[in-house]
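# Secondary and tertiary structure notes
One-letter residues, chain by chain:
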Amino acid sequence: MHDVMMGMQGGTLLVNGAINPYLRIPKGKVRLRILNGSNARFYELFLSNKQSFYQIGSDGGLLEAPVEMTKLIISPGERAEIIVDFSNYKTGDTIELTDQGTELMKFIVNDEINKSYNIPNKLVSIERIDPSKAINTREFVLQGMGSNWNINGKQMDMKRIDEYLRLNDTEIWEVSNKATGMMGGMPHPFHAHGVQFQVLDRNGKRPPANESGWKDTLLVYPDEKVRLIATFKYSGIFMYHCHILEHEDAGMMGQFKVE
Ligand SMILES: [Cu+2]
């Protein structure tokens, strides 16, 4: 029951399927593509020396501008691309990527030297979707406890379409996390298939800079409401769900049809 509630967290962390992983890297800037493939574990990634790095991409592509950070929070299903500058290290130095101080993997500096370059201040242009273009606002309330996890009070049913949308419409989706239970609730990574969102706000406040690009998975904290906007460009039946495996398996999932 505890594992259905919180999600099962194993004792051995793997990177690309390897135990105690390491990567030999050149001196210079190295681009890393990160996907949280854990079923339930959230990571707070730091470099062991608390060195800063630049996030350049999120779930759906490049950010408009690099975001300098020392910590990256990444929940199941989320992706991030970062650039780490290893140019000031000596051959044989090791730097660890850690989750709140627990080592995830090691970088070992070799004697190769990467061609030096500057990270451009501007990466791509992302046209902001105008909220006045939205023809509809839908609410998605994430809630539950124990083994009953649901969205808008409904558990996943393969035979039911929960939401009907029109192709090429722009909509605002309000996703809120109704915290219940003695522990004050849990954050849920809300994920939708077949679409990329822009985040309008979190509890009415502008999202952090690293969430200003395209996203399809968003961490929604207890008692938080996240407003998303998207234009639905693909027809078909798609799912939306919490990306904690145990929660989606226990019903926190629905289906939308675009036609
Ligand atoms: Cu969840």
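Residues numbered from 1 in each chain as written. Predicted model: local features only at pLDDT ≥ 70, side-chain atom pairs only at ≥ 80, totals over all residues.

### Quick word on the overall build of the chain
- The number of helices and strands found in the chain is 2 helices and 19 strands.
- For 259 residues, the compact-globule formula gives about 18 Å, and the C-alpha radius of gyration of the chain, at 20 Å, lands near that figure.
- Projected onto its principal axes, the C-alpha coordinates of the chain cover approximately 60 × 45 × 30 Å.
- Out of the 259 residues in the chain, the part that is buried amounts to 28%. (Helix = DSSP H or I, 4+ residues; strand = E, 2+ residues; numbered from the N terminus. Rg over C-alpha atoms; globule rule 2.2 N^0.38 Å. Buried ≥ 20, exposed ≤ 12 C-beta atoms within 10 Å, placed from the backbone.)

### As for the sheet that holds strand 10 (residues 136-145)
- Strand order across the open sheet formed by 5 strands is 11-10-13-17-15, with mixed pairing between neighbours. Among the strands making up the open sheet, the edge pair consists of strand 11 (148-151) and strand 15 (198-202). If you compare each strand with its neighbour and ignore which way they point, the axes differ by 20° on average.
- Bridge analysis of strand 15 against strand 17 (residues 225-231) gives 4 bridges, and the strand direction is antiparallel. Residue pairing in the sheet places Asp201 in a bridge with Arg227 of strand 17. (Pairing = 2+ DSSP bridges. Axes fitted to C-alpha atoms, helices over the stretch in contact; angles between N-to-C directions.)

### Some details on the domain arrangement of the chain
- Under the domain assignment used here, the chain contains domain 1 (12-113) and domain 2 (131-258).
- Taken over C-alpha atoms, the centre of domain 1 sits 28 Å from the centre of domain 2.
- Across the boundary between the two partners, domain 1 contributes 16 residues, which contact 17 residues of domain 2.
- Counting only elements with at least two residues in the side of domain 1 that touches domain 2, the list comes to strand 4 (53-58) and strand 5 (61-69).
- At 6 residues, strand 5 tops the list of elements feeding residues into the side of domain 1 that touches domain 2.
- Class assignment of the residues belonging to the side of domain 1 that touches domain 2 gives a composition of 6 nonpolar, 7 polar and 3 charged. (Domains from an automatic or database assignment. Contact = placed C-beta atoms within 7 Å. Nonpolar A, V, L, I, M, F, W, Y, C, P; charged D, E, K, R; others polar.)

### Brief notes about the nonpolar core
- Core analysis: the biggest nonpolar cluster contains 23 residues, and Leu142, Val175, Phe190, Val220 and Met252 have the highest contact counts within it.
- For this core, the secondary structure elements donating two or more residues are strand 10, strand 11, strand 13 (170-177), strand 14 (188-192), strand 16 (217-220), strand 17, strand 18 (236-242) and strand 19 (253-258). (Core = buried A, V, L, I, M, F, W, Y, C linked by C-beta atoms within 7 Å.)

### Details of unusual backbone geometry
- Notably, Asn20 is not glycine yet its phi reads approximately 50°, a positive angle.
- Secondary-structure assignment places Asn20 in the loop between helix 1 (2-6) and strand 1 (22-27).
- C-beta crowding within 10 Å serves as the criterion here: with 12 such atoms nearby, Asn20 is assigned to the exposed category.
- If you check the backbone angles, Asn152 has positive phi at about 55° while not being a glycine.

### Quick notes on the sheet that holds strand 19
- Strands sit in the order 12-19-18-14-16 across an open sheet of 5 strands; the sheet is mixed. Either end of the sheet is taken by a strand with one partner, and the two such strands are strand 12 (163-165) and strand 16. Between one strand axis and the next, the sheet turns by 20° as a mean value, whatever way the strands run.
- Examined bridge by bridge, strand 14 and strand 16 share 4 bridges and lie antiparallel to one another. If you follow Phe190 over to strand 16, its bridge partner there is Leu218.

### Quick word on the pairing of strand 18
- Examined bridge by bridge, strand 14 and strand 18 share 3 bridges and lie antiparallel to one another. Each residue of the ladder has a partner; that of Ala192, found in strand 18, is Tyr240.

### A closer look at the environment of His193
- Counting through the fold element by element, His193 comes out in the loop between strand 14 and strand 15.
- Take His193: there are 14 C-beta atoms within 10 Å of it, and that puts it in the partly exposed class.
- Sequence separation between His193 and Ile151 is 42 residues, and the spatial gap between their C-alpha atoms is 16 Å.
- Not counting chain neighbours up to four residues away, the residues in contact with His193 comprise Phe238 and Met239.

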